[in-house]
Amino acid sequence: SEELKRWLVGLGVDEERVTVVANAVDPRRFEVTPQERAAVRRRLDVNGTPVVAFAGTLKPWHDPTILVRAVGLLRERGVVTRLLIVGDGPQRPAVEELAHERGLDSLLTFTGAVAHDEVRSYLGAADVAAVTYHPETGRYFSPLKLYEYLAAGLPVVAAELGEIPHCVRAGETGFLYPPGDAEALADGLAALIADRERAAALGRNGREHVMHHHTWAANARAVVELAEQAA
């Protein structure tokens, strides 16, 4: 990431010796057919309810409780939304406790830890995906989950941190929200849930972005070229 590059340069590394190659995705692994989407939605028993997905390890810096608060705010506005959390981690008890306190248990679904090959089908069941981070999180990261969401054709609402705005451009591939602002996160989710055609268009734009800029095949070519130059 650019932040890691700045860190290295700050340690005295010659800037010309550093090339940033962001994380990426194999888009073929995140293609979901309409039949697969329908099957996993039946299995999750979501029916016609909109689904917001989060995939990853529930660590404090991911600020996962903000997802529960946002879903609660949506319900107060009359927008009933299912929250699908694909993964597990130390913050799961806090997420479950907050959901219980706010009477949102029935709107929360945990898959627990799953094999990477299974993530694709769960993302296929979603209508929108969230990339959440705590406001005090560093900006060094290049989040894999973001590229996977976009490869799955999902519109994204993401914390405006680090490299994220390179992929999530407001109104083009999704929406950004100030980290820690549950109201703004809920606003972004509501906008995508309310306008399915626009959401689908943003999802297509996001997939096109990763196809052009964030594939492992392109990264491999870039590394080979760097190695050849160095040799």
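Read on for a plain summary of the structure. (Residues numbered from 1 in each chain as written. Predicted model: local features only at pLDDT ≥ 70, side-chain atom pairs only at ≥ 80, totals over all residues. Heavy atoms only, no water.)

The helix and strand inventory of the chain stands at ten helices and six strands. Taking 17 Å as the expected radius of gyration for a compact globule of 231 residues, we find that the chain reaches 18 Å, a close match to that expectation. With the C-alpha coordinates aligned to their principal axes, the bounding extent of the chain is approximately 60 × 40 × 30 Å. Residues counted as buried form 45% of the 231 residues belonging to the chain. Pairs at least 24 residues apart make up 76% of the contacts formed inside the chain by residues separated by at least 6 positions. A total accessible area of about 11,400 Å² is found for the chain, and carbon and sulfur atoms account for 50% of it. The centroid of the 25 positive side-chain charges in the chain is displaced by 5 Å from the centroid of its 32 negative side-chain charges. (Helix = DSSP H or I, 4+ residues; strand = E, 2+ residues; numbered from the N terminus. Rg over C-alpha atoms; globule rule 2.2 N^0.38 Å. Buried < 20%, exposed > 50% of the residue type's maximum accessible area, 1.4 Å probe, protein only. Contact = heavy atoms within 4.5 Å. Areas by Shrake-Rupley, 256 points an atom, 1.4 Å probe, with all protein chains shown as cover. Lys, Arg positive; Asp, Glu negative; His and termini not counted. Charge placed at Lys NZ, Arg CZ, Asp CG, Glu CD.)

What follows concerns helix α6 (residues 144-151). With seven of its eight residues buried, α6 lies for the most part within the structure. Along α6, the residues that are buried comprise Lys 145, Leu 146, Tyr 147, Glu 148, Tyr 149, Leu 150 and Ala 151.

With that settled, the discussion passes to the packing of helix α2 (residues 34-44) against helix α5 (residues 116-124). Between α2 and α5, the least distance of the axes is 8 Å, while the angle of their chain directions is 85 degrees. When the interaxial angle is binned, α2 and α5 end up roughly perpendicular. Between α2 and α5, the residues in contact are Glu 36, Arg 37, Val 40, Arg 43 and Leu 44 and Arg 120, Ser 121, Tyr 122 and Gly 124, respectively. Partitioning the contact of α2 with α5 into residue classes produces three nonpolar, two polar and four charged. (Axes fitted to C-alpha atoms, helices over the stretch in contact; angles between N-to-C directions. Parallel < 35°, antiparallel > 145°, perpendicular 65-115°, else oblique. Nonpolar A, V, L, I, M, F, W, Y, C, P; charged D, E, K, R; others polar.)

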